[in-house]
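Working through the structure, step by step
The chain contents come next:
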Amino acid sequence: MMAPDTPTLATTGDDFVGQFMALKQIRFSGQLEIEEEGGIRPPLTFYFYLGRLLYAAGGIHPVRRLYRSLVQNVPGFTPQQMPIEALRSIDLNSPTGWDYQLLCGLLKHSAIDRNQLAKIVQRTVAEVLFDVRQAQRIRCRTRPGEPLSPQMVLMDVEQAIEQLDSTWHAWQAAKIADRSPNRAPTIEQPEQLQQQTSPAVFQAMTTLLTGERTLRDLSVHTRRNVIEVTGSLLPFVQAGFVSLVEIADLPAPVTLNVGMGGRPGVTVAANGAGPVVACVDDSPLVCQTMEKILTSRGYQAITVTDSMRAIATLLTRKPNLIFLDLVMPNTNGYEICAQLRKVSAFQDTPVVILTGNDGIVDRLRAKLVGASDFLSKPVDAETVLTVVEKHLSGSGATVM
C-alpha cells in the first residue's frame, strides 16, 4: 500500500490502479502527481478528498480537454463566449489551477448547473486516467494536504477505474492501443488518398484532417465515439496516407505569464472596470505587453492570438477600440478591418493597425479599408495609451 507521504515511485500504466485503490482505502486527502519518466510531458495531478476524487488536471492539452467537456455538456457553449465574470473569479494567488477555479466561477455565475459540472469533472477525470493508463513508464508521488476548495464533485475511485477499464479494453479491441487520442490526424499523401476514397469522403477528410484537431477534438466535432473515429482512420494511417502528429494546446482563456521570480502567474484576459480594448496579434509577447499596458490604466484588455477567431471574439465582446496586427497567418489586418466595417456594430469603432513596417503604402491601404489610426511596433506604453485616449476621449469611454 502506498503511504500518503511517499516519495516519487516508479511504476507502469498497468499497475497504477492498485495505488489509486490504496488511496481510497486510507481516505487520502491531497494530491497524487504522475509524470512520465524523463519529464518530457507536463505532469498530471489527481486531487483527492477523504479517498474520493475531486478533479484531475495537467497534461499536454488542459485547455482542449476543458473546452471539449464544456462543448459536450453545455448546449451552445463556445470558448469565445466565456463569461467575463467567471474569468474575474480566478484568484491570482491561489495554488488551485485556473481551470478548476474557472469551473467554480461558471457555476457561481449560473453559466453551468451542477449536473453539467458533474459531467464535466467526470469526463475530465476519465481522460486524464486514460492518458496515465496509456503511458509506458510513470513516476508517482503523493502530497497530503488541504483538498481543493470548494469540493464541487466527489467521485468514487472504484467507479472511475471501472470506466477506465471498459474504455481501455475497447481501445485494445479496436487494435489502436498504441495510438494516442491526443494526436492530430493530417493528410500526408492527398493524391493516393483521393484514389482510395469516394469524392464525398475525400472532401470530408480534407476538411477535417488538417492537423489542427486531435482525435478527441474530432470525436466531439463529429459527435462520434473517439474509438470509432480512430478506428476508421487506422487503415489510412497504416497505408501512410494520413499521419498522427503532436500539436500544441489551445490558448488558455487566461494569459499565463512568468514573473521576475520565475513563478507562473495568471492575468485575467479581461481586467479592470473601464472600456474594453482588444488586441488581435499572433504574437503572444505583443498581446501580453498590450494587456499589461492597458490593464495598468484600468482598461479591460482582450487579447486574441488566433486570427481565425478574431471576428467571432470581437463580435462577442464588442470592444470600444481594437488594435489589429497587419501581418498574421491565414489572414491580415486589412481583411479583418474590412470585414469589421461591414458589421453595423463596428462601423464607428476605432481600429488601430499595428505593424513593424510603417510605410506610406501600408498607411494608404489601411485608410482605404477603414482603419482609424496606425501604430508602429515595437509598442511602448506612453504611445499606446495616448492613442487609446485620443480615440476614446470623444465617446465618454475614457478612464480617469
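Remember, predicted model here, so these are calculated numbers, not experimental data.

Calculation rules
- Residues numbered from 1 in each chain as written.
- Predicted model: local features only at pLDDT ≥ 70, side-chain atom pairs only at ≥ 80, totals over all residues.
- Heavy atoms only, no water.
- Helix = DSSP H or I, 4+ residues; strand = E, 2+ residues; numbered from the N terminus.
- Buried < 20%, exposed > 50% of the residue type's maximum accessible area, 1.4 Å probe, protein only.
- Contact = heavy atoms within 4.5 Å.
- Areas by Shrake-Rupley, 256 points an atom, 1.4 Å probe, with all protein chains shown as cover.
- Pairing = 2+ DSSP bridges.
- Axes fitted to C-alpha atoms, helices over the stretch in contact; angles between N-to-C directions.
- pLDDT = per-residue confidence, 0-100.
- Salt bridge = Lys/Arg side-chain N within 4 Å of Asp/Glu carboxyl O.
- 1 Å grid on protein atoms, 1.4 Å probe; cavity = no way out; pocket = protein on both sides within 12 Å on 5 of 7 lines; lining within 4 Å.
- Points joined across faces, edges and corners; volume = space filled by probe spheres on them.
- Nonpolar A, V, L, I, M, F, W, Y, C, P; charged D, E, K, R; others polar.
- Expected span 1.5 Å × (residues − 1).
- Arc of directions from axis to C-beta.
- Polar contact = N/O pair within 3.5 Å; in protein donor to acceptor, adjacent residues only side chain to side chain.

1. Let's talk about the overall build of the chain
Per the secondary structure count, the chain includes 15 helices and 14 strands. Here the chain, with 400 residues, has 48% of them falling under the buried criterion. Residue pairs at least 24 apart in sequence account for 69% of intrachain contacts in the chain once pairs closer than 6 positions are excluded. Counting every atom, the chain has about 19300 Å² of accessible surface; 51% of that belongs to carbon and sulfur.

2. Topic: the sheet that holds strand E11 (residues 300-304)
The strands making up a sheet associate through backbone hydrogen bonding, with each pair oriented either parallel or antiparallel. Judged by pairing direction, the sheet is parallel, and its five strands sit side by side in the order E11-E10-E12-E13-E14 without closing on themselves. With one partner strand each, in any of the chains shown, E11 and strand E14 (373-376) form the two edges of the open sheet. Ignoring strand direction, the axes of neighbouring strands in this sheet form an average angle of 20°. Sheet strands touched by helix H11 (residues 284-296): strand E10 (276-280), E11 and strand E12 (321-325). Its angle to E11, the strand with the most contacts, is close to 170°.

3. Considering the confidence of the model for the chain
Confidence in the prediction for the chain averages 83 pLDDT; 85% of positions are at 70 or higher. Scored below 50 in pLDDT, residues 255-272 makes 42 contacts in the model with residues more than four places away or belonging to other chains. pLDDT under 50 marks residues 396-400. Its contacts with residues more than four places away, or in other chains, come to twelve contacts.

4. Comments concerning the pattern of salt bridges
Between side chains of opposite charge, a pair can form as their charged atoms come close. Here the structure, examined in full by the defined rule, presents 16 salt bridges. The salt bridge involving Asp-156 is made with Lys-24; its shortest N-O contact spans 3.1 Å. Taken as a pair, Asp-156 in the loop between strand E5 (138-144) and helix H6 (157-173) and Lys-24 in helix H1 (residues 16-25) lie far apart in primary sequence, 132 residues in all. Note that Asp-325 is salt-bridged to Lys-377, the shortest N-O span being 3.0 Å. Of this pair, Asp-325 sits in strand E12 while Lys-377 is found in the loop between E14 and helix H15 (381-392), placing the two residues 52 residues apart along the sequence. Note on Asp-325: relative accessible area 3%, which makes it buried. Classification of Lys-377 as partly exposed rests on a relative accessible area of 26%. Counted as one network, the salt bridges with shared partners bring together Arg-64, Arg-68, Arg-123, Glu-127, Asp-131, Arg-216 and Asp-217.

5. A short note on the layout of surface pockets
As a volume, the second largest pocket reaches approximately 1100 Å³. Surrounding the second largest pocket, 28 residues form its lining, Arg-64, Glu-212, Arg-213, Leu-250 and Arg-309 being those nearest its centre. Secondary-structure elements contributing two or more residues to the lining of the second largest pocket are helix H2 (62-73) and helix H9 (215-222). Residues that form the lining of the second largest pocket fall into these classes: ten nonpolar, eight polar and ten charged.

6. What about the environment of Leu-324?
Structurally, Leu-324 is set in strand E12. Considered as a pair, Leu-324 and Ala-278 are 46 residues apart in the sequence and their alpha carbons are 8.3 Å apart. Excluding residues within four positions of it along the chain, Leu-324 makes contact with Val-280, Gly-333, Ile-336, Cys-337, Val-351, Val-352, Ile-353 and Leu-354.

7. Quick word on H6
In a regular helix each residue adds 1.5 Å, so 17 residues correspond to 24 Å; H6 covers 24 Å between its end C-alpha atoms and thus fits that length. If you check which residues of H6 are buried, you get Val-157, Ala-160, Ile-161, Leu-164, Trp-168 and Trp-171. Buried residues of H6 fall within an arc of 95° about the axis and therefore sit on the same side. H6 presents Gln-159, Ser-166 and Ala-173 as exposed residues on the side facing more than 90 degrees away from its buried surface. Of the surrounding elements, those touching the buried residues of H6 are H1, strand E3 (44-49), strand E4 (52-58), helix H5 (114-134) and helix H10 (226-238). The backbone nitrogen of Glu-158 has a side-chain oxygen 3.1 Å away, supplied by the residue at the start of H6, namely Asp-156. Once H6 ends, the next one or two residues include Lys-175, with phi positive near 60°.

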